[in-house]
Structure formats: C-alpha cells, structure tokens
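# Residue-level structural notes
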Amino acid sequence: MSSKLSVGILGATGVVGQRFIQMLERHPWFEVAWLAASDRSEGKTYSDAARWRLKTPIPANVAEMTVSPATPEGAPKIIFAALDAAIAAEVEPRFAEAGCAVVSNSSALRMQSDVPLVIPEVNAGHITLIDGQAWRKKSGGFVVTNPNCSAIGLVLALAPLQEQFGLEAVMAVTMQAVSGAGYPGVASLDILGNVIPYIRNEEEKMEEETLKLLGKLNGTKVIPAAFAMSAQCNRVAVEDGHTESISVRLKTKAKREEIITAWNDYHSEPQDLKLPSAPEHPVVYMEATDRPQPRFDVDMGGGMTTAVGRLRPCGVLEWKFTVLSHNTIRGAAGAAVLNAELLKARGYLTASKK
Ligand SMILES: NC(=O)c1ccc[n+]([C@@H]2O[C@H](COP(=O)([O-])OP(=O)(O)OC[C@H]3O[C@@H](n4cnc5c(N)ncnc54)[C@H](OP(=O)(O)O)[C@@H]3O)[C@@H](O)[C@H]2O)c1
C-alpha cells in the first residue's frame, strides 16, 4: 500500500487543474486519488472530460479516473482547488467545513483576514492564521491560498529588496500570457497580433496581495506592508510566462551589485527544508542585456524560479528591472503544491491521510 497522502483536485479539467496533475504525477508525498469539475464533466473519465493542453501525456491512472461532483462526500482530506473565484467562494468553504485542508489558487478567500496568503519563501509564518479559522476549530479543516499569478513573480523579486533595503514605492507593468486566462480563455481573434490593456480585477489583486504578502504577522492579523504600489496589467500573445517591467524606490541606498547579490543569494525555509518542489534558487538574476524572455527562460528551476534581468537606474523612481515568472507553475499549481509541502513539514497535514 502506498505511504503517500491521498489528494483531490477541484477544477481538475482546467488549465491549472492539468498542471496539478502533471506536477503531482511523481510527487514523493502526495498521490492524486480524486478529481472533480463541473457537472459538464461529472461522471466522465478524465481523458474524456479534459481537453488536455500540456506537452506530457495524461498519467495513465488519472486518464481512467471518473470525474466526481464537486462535493466533499467521498473526497480525500487534502484538496488542491483550481476553481473560478465565484464558484470557489461557495465550494471551498464547504470542503473546509467538512474537515478538508483546502490549498487554493483562487482569489475568492485570499484577502479574508483569517486566511493565509502564502509564498513559502516569503511569508511562511503567516500559515499560523489557520489556527484561528472557525473551520479549523470545528472540523479540523482549513483554507490556505497562494497569490495571483502576477503578484507571485513580483513579490519574489521584491522580497529580497524589502528584507535588505526596505521598499518605499513600486510600479509594475505586466505582459501576461494567454494561459493565465484559463481554457479556452481569450479568443484567438482578440489576442493574435494584439495587446489587451485590461484584465478584470488583476491590478487590484496585484496591489492588495503584494502588500498582504510582504506584510507583518501581528498575533492573528497581517499588517499590510506600507509602501506605495501601482500595477498596470496587459494580456499579450504569449503562451506561458508573465513578464513584468518594475520600477522601485528603496528606503536605503543600494549599489547595483548589492541588489543583484540580494536576489541571487535569496533562499528561505523551503530551500533549507529541501521541500520537494522548492527550486534551489527562488530568484535568479540574468546578466544578458535582453533576458529574461518567456520563450527561453520560463521553465527555469522547473518553472518555480523567478527570473530577473535588466537592472538599471530609473529616472522617476530609483531602479528598474524585468521579472519573468511561469504563471501556471510558480503562479498557480506549483505555488499550491509548495504550500502543501510547507503545511506537511509544519505538521498541518498529518491527520489528513485517507
Ligand atoms: N491560469 C492561470 O495561470 C492561473 C494562475 C493563478 C490562478 N489561477 C486561478 O485558478 C483558478 C482556475 O483557473 P484556470 O485557469 O484553471 O481556469 P479554467 O481553465 O477555466 O478551469 C476551470 C475549472 O473549474 C471547473 N468548474 C467550472 N465551473 C464549475 C462548477 N460550477 N463546479 C465545479 N467545477 C467547476 C471547470 O470544469 P469543467 O471542465 O467541467 O468546466 C475547470 O476544471 C481561477 O480561480 C484562476 O483565477 C489561474
């Protein structure tokens, strides 16, 4: 019998759900035992229900699984959730209420004050917010979230700067891949040869989530970081990988080499604990003048490393640079799997074995 923990995936047929299946195929701790999606997919085998968009084949055991309804009955106690926010707002609390550990990608509960919004390298300590959740007290269930796919790359690049020099102001302009819109997502006639300068709610999410992630835990509350923050978000005709042009003003003076060293030396609890999905280097600075580029650099560190480049002085703030992060791996499924690994390492998943 397998000693791995059984996990389920809500929204298993979607873009992020597929990444979960791919990333969990050979996971040393977790094993996919249950899949759910909408009533359009319910009762079908996974291979019939999902329009598989990844380059690796559907794992054979998953292909034959029957898609379950999105209800907690019969589900394992550890659930990765990749549902649209409006649906997640109803469904995720039901699973937490029923005693499940819900590791969510959705924005529905991210800003709720008792729900941790976590990047394990940056704010692993916020995970203790779980202990104050009513679900936890009642049934043992809880909800943990990972950030929006643009916020995560930005915050991984900002965290070493915040830690060493402090941040006063941040401006971010994104160029976001089409896979970030799910499947079928943006119509090809809308995006080919085009840039769409609007992604609904994205700028608000980037701004508020960045401040929560870099905020300080004070007892049972997160005090948001206090720097000024502005985001502008665009959709571009790239398959995977969100690129961001960032300008920052730091609190204390820093030399170019010191900033680059802060990025390249950045490591944290996931690296020290050698969590299975933690990249050796969460942030890597690329010296080439024309990198990072999504086509060449998006898979760095198995898609879990944030690539940074083009650090140079900014005439308005102080420094400017480019960030690239894989939106469905570091920005979604990989972020959630790393959160689950952190939960297990901290003893939150021991009672979840099916
Ligand atoms: N794509 C990204 O890069 C990315 C990054 C970070 C976060 N996210 C977030 O992750 C979530 C999922 O995104 P996605 O891109 O994977 O979307 P998607 O491709 O549209 O997939 C949505 C999934 O939800 C299922 N679903 C729809 N209605 C449902 C219902 N009423 N009950 C149960 N399941 C239902 C769909 O099942 P059917 O196939 O049966 O319709 C499908 O499995 C969203 O909250 C998104 O904002 C996405």
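In this report, the structure presented in the accompanying data block is examined. Every chain's residues receive numbers from 1 upward, in the order its sequence appears when written. Local features in a predicted model are, by the rule used here, given only for residues with pLDDT of at least 70; side-chain atom pairs are given and counted only at 80 or more, and totals for whole chains, interfaces and linings are based on all residues. Values shown for side chains rest on all heavy atoms present in the structure; no hydrogens or waters enter the calculation.

### Examining the site of the ligand
The near set for a molecule or strand comprises every residue that places at least one heavy atom within 4 Å of it. Near the ligand there are 27 residues, and of these Thr-13, Ser-38, Arg-40, Ser-41 and Leu-83 occur at the shortest range. In protein, a polar contact requires one atom able to donate a hydrogen and another able to accept it; more generally it is a pair of N or O atoms within 3.5 Å, and residues adjacent in sequence count only if both atoms are side-chain atoms. Contacts to the ligand include Ser-41, whose side-chain N or O atom sits 2.5 Å from an oxygen atom. In this structure, Ser-179 approaches the ligand through a main-chain N or O atom, which is 2.9 Å from a nitrogen atom. Per-residue and other accessible areas were derived by the Shrake-Rupley procedure at a 1.4 Å probe size, with only the shown protein chains allowed to occlude residues. Against a free-state accessible area of 910 Å², the protein chains account for coverage of 82% of the ligand. In this description a helix means any DSSP run of H or I spanning at least four residues, a strand means any run of E spanning at least two, and both kinds are numbered starting from the N terminus. Those elements giving two or more residues to the shell around the ligand turn out to be helix H1 (15–24), helix H4 (85–97) and helix H13 (329–345). When its residues are assigned to classes, the shell around the ligand shows 12 nonpolar, 13 polar and 2 charged. The nonpolar class holds Ala, Val, Leu, Ile, Met, Phe, Trp, Tyr, Cys and Pro. Asp, Glu, Lys and Arg form the charged class, and all remaining residues, Gly among them, are polar.

### What to know about unusual backbone geometry
Residue Pro-184 follows Tyr-183 across a cis peptide bond; omega there is 0°. Residue Pro-292 follows Arg-291 across a cis peptide bond; omega there is 10°. Summarising the element assignment, Pro-292 is placed in the loop between strand E12 (283–286) and helix H12 (294–297). Its identity as a non-glycine residue notwithstanding, Asn-201 has a phi of 65°, on the positive side. Considering the arrangement of structural elements, one finds Asn-201 in the loop between strand E7 (195–196) and helix H9 (202–213).

### Here's the deal with H13
Here a helix's expected span is defined as the number of its residues, less one, multiplied by 1.5 Å. Compared with an ideal rise of 1.5 Å per residue, which puts 17 residues at 24 Å, H13 spans 21 Å between its outermost C-alpha atoms and falls more than 12% short. Ala-335 marks where H13 bends most, by close to 45°. H13 sits mainly inside the fold: 15 of its 17 residues count as buried. At the C-terminal side of H13, Gly-347 shows a positive phi close to 85°. Note on bend: the value at a residue is the angle between axes fitted to the seven residues ending there and to the seven starting there. Think of it in three bands: residues with accessible area under 20% of the maximum for their type are buried, residues over 50% are exposed, and the middle band is partly exposed, with areas taken using a 1.4 Å probe on protein chains only.

### A few points about the nonpolar core
Only buried residues count toward a nonpolar core, which is a set of Ala, Val, Leu, Ile, Met, Phe, Trp, Tyr and Cys residues joined through side-chain atoms within 4.5 Å. Phe-20, Leu-24, Leu-35, Tyr-46, Phe-80 and Leu-343 are the most contacted members of the largest nonpolar core, which totals 45 residues. At the level of secondary structure, the elements contributing two or more residues to this core comprise strand E1 (5–10), H1, strand E2 (30–36), helix H2 (46–49), strand E3 (78–81), strand E4 (101–104), strand E5 (142–145) and H13. Here this core gets 9 residues from one element, more than from any other, and that element is H13. The contact rule is simple, with two residues in contact once any of their heavy atoms fall within 4.5 Å. In this structure Tyr-46 touches Ala-12, Thr-13, Gln-18, Ile-21, Leu-35, Trp-52, Ile-58, Val-62, Ala-63, Met-65 and Val-67, once residues within four positions along its chain are discounted. Residues Ile-152, Ile-199, Ala-225 and Val-323 belong to the second largest nonpolar core, which totals 41 residues.

### Considerations on the sheet that holds strand E14 (residues 319–325)
Sheets are built from strands that pair by backbone hydrogen bonding, the pairs being arranged parallel or antiparallel. Two strands pair if DSSP finds at least two bridges between them. Strand order in this open sheet of 7 strands is E7-E10-E6-E11-E14-E13-E12, and the pairing throughout is mixed. The open sheet has two edge strands with one neighbour each: E7 and E12. Note that E7 and strand E10 (residues 228–236) share 2 bridges and pair antiparallel. Looking across to E10, one finds that Val-195 is bridged to Val-236.

### Here's the deal with the pairing of strand E13 (residues 306–313)
Relative to E13, E12 runs parallel, the two being bridged by 4 bridges. Residue pairing for E13: Val-283 is matched across the bridge by Thr-306. Looking at chain direction, E13 and E14 are connected through 5 bridges and run antiparallel. Of the residues in E14, the one forming a bridge with Val-308 is Val-323. Between E13 and the antiparallel strand that follows it, E14, lie 5 residues.

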